[in-house]
Protein chains: 2
Amino acid sequence: MDNSTAKETFISFLQSQKLRVTPERLDLLDEIMTSNGHFDAENFYSVVREKGIKASRATVYNTLDLLVQCGLISKYRFGDTTSRYEKAFGRPRHDHLICLNCGEILEFVSPELDNIQTKVCKQHGFRFANSSLQIFGTCSKCQKK
Amino acid sequence: MDNSTAKETFISFLQSQKLRVTPERLDLLDEIMTSNGHFDAENFYSVVREKGIKASRATVYNTLDLLVQCGLISKYRFGDTTSRYEKAFGRPRHDHLICLNCGEILEFVSPELDNIQTKVCKQHGFRFANSSLQIFGTCSKCQKK
DNA sequence: CTGCCTGCAAAACTTTTGCAATGCG
DNA sequence: CGCATTGCAAAAGTTTTGCAGGCAG
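Residues numbered from 1 in each chain as written. Chains lettered and ligands numbered in written order. Predicted model: local features only at pLDDT ≥ 70, side-chain atom pairs only at ≥ 80, totals over all residues. Heavy atoms only, no water.

Q: Which parts of the structure should I look at to understand the overall build of chain A?
A: Counting its secondary structure elements, chain A contains six helices and six strands. Along the chain direction, N to C, the helices and strands of chain A fall in the order α-α-β-α-α-β-β-β-β-α-β-α. Projecting the C-alpha coordinates of chain A onto the three principal axes gives extents of approximately 45 × 45 × 25 Å. Of the contacts formed within chain A by residues at least 6 apart in sequence, a portion of 49% connects residues at least 24 apart. (Helix = DSSP H or I, 4+ residues; strand = E, 2+ residues; numbered from the N terminus. Contact = heavy atoms within 4.5 Å.)

Q: What am I meant to see in the pattern of salt bridges here?
A: Once the charged atoms of two side chains with opposite charge are near each other, the side chains can pair. On inspection of all chains with the given rule, the structure shows 16 salt bridges over all chains. The residue Asp95 of chain A makes a salt bridge to Arg93 of chain A at a minimum N-O spacing of 2.8 Å. On the accessibility criterion, Arg93 of chain A (37% relative accessible area) is partly exposed. Here Asp114 of chain B ties to Arg93 of chain B by a salt bridge, and the two come within 3.6 Å at their closest N and O atoms. Taken as a pair, Asp114 of chain B in helix 5 (residues 111-123) and Arg93 of chain B in the loop between strand 3 (83-87) and strand 4 (95-99) lie far apart in primary sequence, 21 residues in all. Here the residues in one salt-bridge network are Arg93, Asp95 and Asp114 of chain A, joined through shared partners. (Salt bridge = Lys/Arg side-chain N within 4 Å of Asp/Glu carboxyl O. Buried < 20%, exposed > 50% of the residue type's maximum accessible area, 1.4 Å probe, protein only.)

Q: I'm lost on the protein's contact with DNA strand D in this one. Help?
A: DNA strand D sits among 21 residues. The nearest are Arg20, Arg25, Ser56 and Thr59 of chain A together with Tyr61 of chain B. Protein-adjacent atoms of DNA strand D, using a 4 Å cutoff, are sugar or phosphate at a proportion of 69%. In this structure, Lys54 of chain A approaches DNA strand D through a main-chain N or O atom, which is 3.3 Å from a phosphate oxygen. Here a phosphate oxygen of DNA strand D sits 3.4 Å away from a polar atom, N or O, in the main chain of Ala55 of chain A. Across the surface near DNA strand D, the residue classes tally to seven nonpolar, six polar and eight charged. (Near = heavy atom within 4 Å. Polar contact = N/O pair within 3.5 Å; in protein donor to acceptor, adjacent residues only side chain to side chain. Nonpolar A, V, L, I, M, F, W, Y, C, P; charged D, E, K, R; others polar.)

Q: Sorry, what's going on with the protein's contact with DNA strand C here?
A: Close to DNA strand C lie 20 residues; Arg20 and Val21 of chain A together with Arg20, Ser56 and Thr59 of chain B are nearest. When the atoms of DNA strand C within 4 Å of the protein are grouped by moiety, sugar and phosphate amount to 69% of the total. Residue Val21 of chain A places a main-chain N or O atom 2.8 Å away from a phosphate oxygen belonging to DNA strand C. A distance of 3.1 Å is found between a phosphate oxygen of DNA strand C and a side-chain nitrogen or oxygen belonging to Ser83 of chain A. Secondary structure elements with two or more residues in the surface near DNA strand C: helix 3 (41-50) and helix 4 (57-69) of chain A together with helix 2 (23-33) and helix 4 (57-69) of chain B. Among the residues forming the surface near DNA strand C, the class breakdown is seven nonpolar, five polar and eight charged.

Q: Just to check I follow, could you spell out the packing of aromatic side chains for this structure?
A: How two aromatic rings sit relative to each other is given by the distance of their centres and the angle of their planes. Applying the stated criterion to the full structure yields six aromatic pairs over all chains. Their ring planes at 15° and their centres at 5.5 Å tell us that Tyr76 of chain A and Phe78 of chain A sit as a pair that is stacked. Phe78 of chain A carries the same exposure label as Tyr76 of chain A, and that label is buried. With 5.2 Å between their ring centres and 40° between their planes, Phe39 of chain B and Phe44 of chain B make a pair best called tilted. Among the residues examined, Phe39 of chain B registers a relative accessible area of 7% and is labelled buried. A connected cluster of aromatic rings, assembled from ring pairs, spans Phe39, Phe44 and Tyr85 of chain A. (Phe/Tyr/Trp six-rings, centres within 6.5 Å; stacked < 30°, edge-to-face > 60°.)

Q: Sorry if this is basic, but what is going on with the pairing of strand 6 (residues 127-138) of chain B here?
A: Along a regular strand, successive side chains alternate from one face of the sheet to the other. As defined by bridge partners, strand 6 (residues 127-138) of chain A adjoins strand 6 of chain B across eleven bridges and the pair is classed as antiparallel. Across the sheet, the residue bridging to Phe136 of chain A is Asn130 of chain B, located in strand 6 of chain B. (Pairing = 2+ DSSP bridges.)

Q: Is there a simple way to think about the sheet that holds strand 4 (residues 95-99) of chain A in this case?
A: The strands that make up a sheet are held in pairs by hydrogen bonds between backbone atoms, and each pair lies either parallel or antiparallel. Judged by pairing direction, the sheet is mixed, and its six strands sit side by side in the order 5(A)-4(A)-6(A)-6(B)-4(B)-5(B) without closing on themselves. Taken across any chain shown, the strands that pair with only one partner, and hence form the sheet edges, are strand 5 (105-108) of chain A together with strand 5 (105-108) of chain B. Here the strands of the sheet are splayed against their neighbours by 25° on average, with no regard to which way each runs. Bridge count between strand 4 of chain B and strand 5 of chain B: four bridges; the pairing is antiparallel. Counterpart to His96 of chain B in the pairing with strand 5 of chain B is Glu107 of chain B. (Axes fitted to C-alpha atoms, helices over the stretch in contact; angles between N-to-C directions.)

Q: Would you mind showing me how to read the interface of chain B and chain A here?
A: Often, the extent of an interface is quoted as the loss of accessible area upon association of its parts. Each partner contributes to the interface: chain B provides 37 residues, whereas chain A provides 37 residues. Across the chain B to chain A interface the summed buried area is about 3,100 Å²; carbon plus sulfur atoms make up 62%. Our enumeration of links across chain B and chain A arrives at two salt bridges. With a closest N to O distance of 3.0 Å, Glu112 of chain B and Lys119 of chain A form a salt bridge. Taken together, the links from chain B to chain A amount to 16 residue pairs in polar contact (both at pLDDT 80 or more). Residue assignment for the side of chain B that touches chain A shows that the elements contributing at least two residues are strand 4, strand 5, helix 5, strand 6 and helix 6 (140-144) of chain B. No other element matches strand 6 of chain B, which puts twelve residues into the side of chain B that touches chain A. (Buried area = accessible area lost by both parts, 1.4 Å probe.)

Remember, this is a structural readout, not a statement about activity or role.
Have a look at this one:
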């Protein structure tokens, strides 16, 4: 999915939910489309203000939530108190290795994991929505120190 | 691991870290040993106060953190704002299916998952500490509604 | 004795909410 | 035009911290 498709997806989602397509919402999506890696709400709010985008904290939280609902971004918690987000379009589903020492977050992809998840859901009559595997440990750099 | 072993583990851990073995810390571990299922810090603090155990909020948070460090309890975040804990001894490692509708949390065990994790860590030169796979979706009961 | 721990309350932080004003549909 | 949305600030909820005793080692 490219950036213009992402915008179309968001607009369709808003309309289907009878929510309004406001400039604030589109501006925030635009900003996320140019981002890379993980970010948190407060952090994102600061960037947004610095860039002169008009959107209050409430709107930022609201919009992030809507983007999660329509699958354009993913929301994680990596053990700290803050929710983290990342772009979920234009790249494959992946999971995270989190270094407990330096906080670095590595990503990995495992097709076998998808199979396991499908199997587990079937066994429990569970309808899959999304998932998150987080492996905590020590990264190779920190092991050498 | 049974309950008396858990206590020994905790005491050894405290001593190895040059931390004190205080009645508050032991009382809190005792209380956790009799618990089942998931709990959060505030919730646990209430129970502790109701039972007449003397321990402040600060001590509860501190002790939960120590118990996580020595592996006697596990800490999770299931998408809400609160950290959840559960006993990690006397039962096998497991992961969670979380119903987005009713909030129910089902547990499952997958030996294949352990293999994948080992493999991924090896590939990235990562030293494994612990992990958490959370699958979000709709449970069978909620699908029937 | 020493200094780690505790209790209490206040502070810090993240996220949500109430209300009046605004503007999308 | 009606009502969802916004901005602002205040509230709510969770976790951390500062400080003055208190007690484990």
